[in-house]
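In case you want the letters, here they are:
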Amino acid sequence: MQNYSVQPEALKKFTTAIFEAAGLKNNEAASIAELLVHADLRNVHSHGVLRTIPYLEKIQGGGASKTSTYPVIKETTNTAVIDAQGGLGALVGEKAVALCREKAQKNLISMVVVKNSNHFGMGAHWALKLAGDDMIGVACSTTDLTMGPPGAKEPFMGNNPFAFAFKAGAKYPEVCVDMATSLVAMGKCKDMEKRGKEIPHGWMLDKDGNDTTSVKDCYMMTTMAGHKGFGIALVVELFATLLSGGVLSPDINNQDLADTPELSSQCFACFNISAFRDLQEFQKNAEEYIDRLHALPMKEGMGAAKYPGEIEYGCKQINEKEGIVLPETLVEDLIKTGEKLGVDGNFLKETVTDRQ
Ligand SMILES: NC(=O)c1ccc[n+]([C@@H]2O[C@H](COP(=O)([O-])OP(=O)(O)OC[C@H]3O[C@@H](n4cnc5c(N)ncnc54)[C@H](O)[C@@H]3O)[C@@H](O)[C@H]2O)c1
């Protein structure tokens, strides 16, 4: 199987054109393209343009509303509740981030929760937007049933992802803890399978609760750090679902159903650093903290310690210059999808690369 290297701006343009052809407004289509291509730039391919076809099917099947107005149904100076009305996670995310930042600029700490939403993609996209240069950004979401508490025979909740981001001085603009509460994200397993890579033992469980390495046989994901991952997933439920009055996780719909909204809930928060201390002092201190992390003595062959988000930020720096690596099967699928909508994607095959 060969890989192609695709320039991010061209990929964004293509992806925007696909969603526009599916009936979204240009700015809405561009927001989805930005979310997906951002994930590929950071090599979080599980949440990149791999999701174009499922998102498209969801829009075309009616599972993601094209007409939602994403109304704010309750609001204070620092908080808001938005009803996504079964609309797109990428679009309600844009609205929630803008509102959350505006409130924290005026009132220092803010939280916006969302109910009746769909998949919001890579958590880091939202946490980084919320953070900007001057805040701590937090984003989390419930998602469809993939995990249970230790020992459960049936899933009870999704692998609810959470992300925290901040800038630690000019040297480290994107410190970002972003993870699913399962040991790994399901999307990563699907992406690995698509790339012809073997999935390690211990990541997925079959119908009998036994370990499996086949996506086809996967019934549940293993929780991150056993009972602790379950506990954190429950905290996401608290902030996203229980505060918004959204649908409880056991009743969330499968995200792959084209005609039914997932009905997930989300929570976005901003902490304006200037509420606590001088922003420049914070940046200097945070930069020193990461410098000291990098200087930590490490075991032979391990390289320097990394801050959360460092690997992804490094990938973004490279991919912005050299292009995003997409596997042949994905490129073929995207071209076929484009053809059906009158969007030419043949340029995706222009540059064959050995990069993985
Ligand atoms: N929207 C949804 O419904 C949904 C559901 C699940 C996951 N996701 C997304 O899936 C993506 C992948 O999640 P994941 O759990 O597989 O992430 P991961 O395990 O790849 O990374 C988790 C975190 O660990 C950090 N990290 C990795 N290696 C490190 C190292 N050597 N040193 C220091 N830090 C290191 C990463 O920077 C990241 O912050 C995330 O973007 C998440 O938001 C989304």
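What counts, and at which threshold
- Residues numbered from 1 in each chain as written.
- Predicted model: local features only at pLDDT ≥ 70, side-chain atom pairs only at ≥ 80, totals over all residues.
- Heavy atoms only, no water.
- Near = heavy atom within 4 Å.
- Polar contact = N/O pair within 3.5 Å; in protein donor to acceptor, adjacent residues only side chain to side chain.
- Areas by Shrake-Rupley, 256 points an atom, 1.4 Å probe, with all protein chains shown as cover.
- Helix = DSSP H or I, 4+ residues; strand = E, 2+ residues; numbered from the N terminus.
- Patch = residues over 30% accessible without salt bridge, like charges linked within 9 Å, V, L, I, M, F, W, Y side chains within 5 Å.
- Salt bridge = Lys/Arg side-chain N within 4 Å of Asp/Glu carboxyl O.
- Buried < 20%, exposed > 50% of the residue type's maximum accessible area, 1.4 Å probe, protein only.
- Pairing = 2+ DSSP bridges.
- Axes fitted to C-alpha atoms, helices over the stretch in contact; angles between N-to-C directions.
- Domains from an automatic or database assignment.
- Contact = heavy atoms within 4.5 Å.
- Buried area = accessible area lost by both parts, 1.4 Å probe.
- Core = buried A, V, L, I, M, F, W, Y, C linked by side-chain atoms within 4.5 Å.
- Phe/Tyr/Trp six-rings, centres within 6.5 Å; stacked < 30°, edge-to-face > 60°.

Describing the site of the ligand
As a structural note, the neighbourhood of the ligand is formed by 22 residues, with Asp178, Ala180, Lys188, Gly309 and Glu312 the closest of them. Within the backbone of Cys176, one N or O atom sits 3.1 Å away from an oxygen atom of the ligand. Contact distances for the ligand include 2.4 Å between an oxygen atom and a side-chain N or O atom of Asp178. Contact with the protein chains hides 78% of the accessible area of the ligand, taken as 860 Å² for the molecule alone. Looking at the shell around the ligand, the elements that each hand over two or more residues are strand E7 (172–179) and helix H9 (310–322).

Some remarks on a nonpolar patch on the surface
Together, Val235, Leu238, Phe239, Leu242, Leu243 and Leu248 make up an exposed nonpolar region whose accessible area comes to about 520 Å². Take Leu238: it is sitting in helix H7 (residues 227–244). Judged by relative accessible area, Leu238 falls into the partly exposed class, the value being 40%.

Quick look at the sheet that holds strand E11 (residues 264–272)
Read across the sheet, seven strands follow the order E2-E3-E4-E11-E5-E6-E7 without closing on themselves; strand pairing throughout is mixed. Edge strands, defined here as strands with exactly one partner in the open sheet, are strand E2 (72–75) and E7. Strand-to-strand twist in this sheet, taken as the mean axis angle between neighbours without regard to direction, amounts to 15 degrees.

Concerning the domain arrangement of the protein chain
Here the protein chain is partitioned into domain 1 (1–61 + 323–356) and domain 2 (67–182 + 225–312). One C-alpha centre belongs to domain 1, the other to domain 2; they are set 24 Å apart. Residue-level contacts link 18 residues of domain 1 with 26 residues of domain 2. Interface area, domain 1 with domain 2, both sides summed: about 1800 Å², of which 60% is carbon and sulfur. When the buried surface of domain 1 facing domain 2 is broken down by residue, Leu35, Arg42 and Lys58 rank first, second and third, together holding 42% of it.

Quick word on the nonpolar core
Phe19, Ile32 and Phe268 are the most contacted members of the largest nonpolar core, which has 50 residues in total. Top contributing element to this core by residue count: helix H4 (residues 89–107), with eight residues. Counting residues in hydrophobic clusters, the runner-up holds 14 residues, among them Met147, Val184, Met192 and Met221.

Concerning the packing of aromatic side chains
Within the structure shown, the criterion is met by seven aromatic pairs. A centroid spacing of 6.2 Å and a plane angle of 80 degrees characterise the contact between Phe162 and Phe164, whose relative ring orientation is edge-to-face. The class for Phe162 is buried, based on a relative accessible area of 13%. Residue classification places Phe164 among the partly exposed residues on the basis of a relative accessible area of 41%. Taken together through their ring pairs, the aromatic side chains of Phe120, Trp126 and Phe268 make up a single cluster.

Some points on the environment of Gly202
Locating Gly202 in the fold gives a position in the loop between helix H6 (186–194) and strand E8 (204–205). As a C-alpha pair, Gly202 and Asn116 span 86 residues in sequence and 32 Å in three-dimensional space.

Section: unusual backbone geometry
In this model, Asn43 sits at a positive phi of 60 degrees, which is unusual for a non-glycine residue. At Leu108, a residue that is not glycine, the phi angle is positive and equals roughly 75 degrees. Structurally, the position occupied by Leu108 is in the loop between H4 and strand E4 (109–117). Given the relative accessible area of 35%, Leu108 is considered partly exposed.

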